[in-house]
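Residues per chain are reported as follows:
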Amino acid sequence: MSHIFQYLFKYIHKTPDHTRYHIGDTSADEPINEIHDYQDAHYFSGGEATWRILGFHVTKKDPAVTSLPVHLPEYRSHHQYLRTTTSTSMVSLLDRYFQRPIGNFTDTSGIHHAFSDLTYAEYFTLFCLTHFDIHHANDHQYFCEHASDSHDAPLMHVVQRDITHLHLSCIDAIRPSQGELFYLHAILQSWSALSFIDHAL
């Protein structure tokens, strides 16, 4: 909806369109002034210029959304890029979901919930991942992942999100023609799991 208002605002307040053309000998080399062309074609409307001068944000997306990949056990294209630091992960968010902490956590209402009961989207809506820090070992909002037999990537801290900043998680769309992957997607939307084996894949 916000994109619609942005489009209408810019459409109503934009200045008239214009174009430039040149008639001459095409065989002759005409000097090109890219700076002049940019300044001549780039413009702000009165409303947008005032908005920028006053220091307001031109665009904003809220709340933040995490895109969650879905892949089969042998598929590797959704895995994170290898980095030089030891705090980064080579596994996907789905793999991280499968090795979420063991035990319970307490929500903002004081109600206890089991990590094993969280669905894929619920888990990343309530928690985020950060590199392991021994200084947060006794912090009640920090939890440690459990080790996985499928990879040897370093464990990360699972941090409970701040409820004052709304965060959403959305599982990537999968076409029915993708077969087994589509059924995994359907299961992950409604059911919790601790591994691919739980889904008989």
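Here is what the cut-offs are and how they apply
- Position labels on residues start from 1 in each chain and follow its written sequence.
- Given that the model is predicted, a residue must reach a pLDDT of at least 70 before its local features are reported, and side-chain atom pairs must reach 80 or more before they are shown or counted; all residues, however, enter totals for whole chains, interfaces and linings.
- Side-chain metrics in this entry use all non-hydrogen atoms of the structure; hydrogen atoms and water are not considered.
- For each residue, the accessible area found with a 1.4 Å probe, counting protein chains only, is set against the maximum for its type, and the residue is called buried under 20%, exposed over 50%, and partly exposed in between.
- Helix numbering and strand numbering both begin at the N terminus, where a helix is a DSSP run of H or I of at least 4 residues and a strand a DSSP run of E of at least 2.
- Should DSSP find at least two bridges between two strands, the strands are taken to pair.
- Any pair of nitrogen or oxygen atoms within 3.5 Å is treated as a polar contact; in protein, a donor-acceptor pairing is required on top of that, and neighbouring residues in sequence qualify only through side-chain atoms on both sides.
- The contact criterion used is simple: two residues touch if any of their non-hydrogen atoms lie within 4.5 Å.
- Here, nonpolar core means buried Ala, Val, Leu, Ile, Met, Phe, Trp, Tyr and Cys residues that are tied together by side-chain atoms lying within 4.5 Å of each other.

Peer 1: In this structure, what is going on with the pairing of strand S7 (residues 167-171)? I would like to understand it.
Peer 2: For a regular strand, the rule is simple: side chains alternate between the two faces of the sheet. Only one face of S7 is covered, namely the one carrying His167, Ser169 and Ile171; the face carrying Leu168 and Cys170 has none of its residues buried. Relative to S7, strand S1 (residues 64-68) runs parallel, the two being bridged by five bridges. If you follow Leu68 over to S7, its bridge partner there is Ile171.

Peer 1: Would you explain the side chain of Thr66 in this entry?
Peer 2: Inspection of the secondary structure assignment puts Thr66 in strand S1. Within the structure, the side chain of Thr66 is placed 2.6 Å from the side chain of His167, a separation counted as a polar contact. If we skip the residues at most four places from it in the chain, Thr66 touches Leu93, Arg161, His167, Leu168, Ser169 and Cys170.

Peer 1: Help me understand the nonpolar core in this model?
Peer 2: The tendency in soluble globular proteins is for nonpolar side chains to be buried side by side. Formed by 23 residues in total, the largest nonpolar core has its most connected members in Tyr97, Tyr120, Tyr123, Phe127 and Leu188. Those elements giving two or more residues to this core turn out to be helix H4 (93-98), helix H5 (120-126) and helix H6 (180-190). A total of four residues in this core trace back to one element, the largest contributor, which is H4. If near-sequence neighbours (up to four positions away) are discounted, Phe127 is found in contact with Phe105, Phe115, Leu118, Phe143, Val158, Val159, Gln160 and Arg161.

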